[in-house]
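Examination of the molecular architecture
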Amino acid sequence: MKIAVIGTGHMGAGFVRELVGRGADVIIGARSAAKAEALAAELGGKPRVADIAAAVQAADVILLALPYGVIAETLAGLKGLAGKVLVDLSNPVTADFQELLLGTDTSAAEAIQAAAPGATVVKAFNTIFAQLLPSEARKDRSLQVFVAADDAAAKGRVQELARLLGFDAVDAGPLRSSRFLEPVGGMNIHFGYFLGWGPTAAPRWERT
Ligand SMILES: NC(=O)c1ccc[n+]([C@@H]2O[C@H](COP(=O)([O-])OP(=O)(O)OC[C@H]3O[C@@H](n4cnc5c(N)ncnc54)[C@H](OP(=O)(O)O)[C@@H]3O)[C@@H](O)[C@H]2O)c1
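What comes next is a walk through the structure. As the structure is a computational prediction, the values presented were derived from the model and not from experiment. (Residues numbered from 1 in each chain as written. Predicted model: local features only at pLDDT ≥ 70, side-chain atom pairs only at ≥ 80, totals over all residues. Heavy atoms only, no water.)

**Here's the deal with the site of the ligand**
His-10, Met-11, Lys-35, Leu-66 and Ala-130 are the nearest of the 22 residues found near the ligand. In the environment of the ligand, an oxygen atom lies 2.7 Å from a nitrogen or oxygen atom belonging to the side chain of His-10. Protein contacts shield 77% of the accessible area of the ligand, which totals 900 Å² for the unbound molecule. In this structure, the ligand is accommodated by the largest pocket. Only helix 1 (10-21) and helix 4 (68-76) provide two or more residues apiece to the shell around the ligand. (Near = heavy atom within 4 Å. Polar contact = N/O pair within 3.5 Å; in protein donor to acceptor, adjacent residues only side chain to side chain. Areas by Shrake-Rupley, 256 points an atom, 1.4 Å probe, with all protein chains shown as cover. 1 Å grid on protein atoms, 1.4 Å probe; cavity = no way out; pocket = protein on both sides within 12 Å on 5 of 7 lines; lining within 4 Å. Sits in = over half its atoms within 2 Å of the grid points. Helix = DSSP H or I, 4+ residues; strand = E, 2+ residues; numbered from the N terminus.)

**Notes on the layout of surface pockets**
A volume near 1,100 Å³ is recorded for the largest pocket. What lines the largest pocket is a set of 40 residues, among which His-10, Met-11, Ala-65, Leu-66 and Pro-67 lie closest to the centre. Of all the secondary structure elements, the ones that give two or more residues to the lining of the largest pocket are helix 1, helix 4 and helix 7 (178-194). The element contributing the most residues to the lining of the largest pocket is helix 4, with 5 residues. As a volume, the second largest pocket reaches approximately 260 Å³. Lining the second largest pocket are Gln-144, Phe-146, Val-170, Asp-171, Ala-172, Ser-177, Phe-180, Leu-181, Val-184, Trp-205, Glu-206 and Arg-207. Looking at the lining of the second largest pocket, the elements with two or more residues in it are strand 7 (144-147), strand 8 (168-171) and helix 7. (Points joined across faces, edges and corners; volume = space filled by probe spheres on them.)

Purely spatial values, then, with no claim about function.
Okay, structure coming up:
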């Protein structure tokens, strides 16, 4: 599986470090070549670096580690999205992280799918804080990653990716389950940053 990580912020850099550490074939795509080169250099030059368009072209699975508000416009400028798996991690929240920008009758994931109709969007990782991407930050914990998609093969690949990173990859149903997962991500932010739990909070579904 060739994986592109788009963005070098908290989530993007976290994914790149963990994936490279586990031997994955990773290419970093970023608008800032300097930030991407610095991240690659930190990792001994192992991940390749490209602009966003070239990174997307080179990969099968693309982690969109970008703010929700810029994803559609970023995808609009890209060619060759057909057949690609786009992983939407986003929590579509206001700048103060207090409110969702959309929901109930749609979701960020569905809006991204509409913006890239030839690709297959998979929702995952939106309930995992960046601070929990390093495996040493979650030792002794089994954290669930909820994976929602309409295409079973694409969902399976993202579940495989989540398992490679040491997460419990839970099948959360079709892409429209994002209408439920995104408010859960919002609640997690609320626990983490406004109710005093801190950024190691994570939701977990249990059954007997
Ligand atoms: N942080 C978390 O704990 C967390 C948890 C779950 C889900 N998420 C979701 O993950 C996504 C990324 O969050 P983050 O915390 O990693 O954000 P971040 O640290 O602010 O990083 C955002 C990245 O997006 C890039 N970017 C911003 N605007 C862009 C544009 N117009 N074109 C191209 N690149 C652009 C930034 O590039 P520059 O460096 O050049 O500005 C940066 O690399 C968001 O959708 C968020 O909701 C975050």
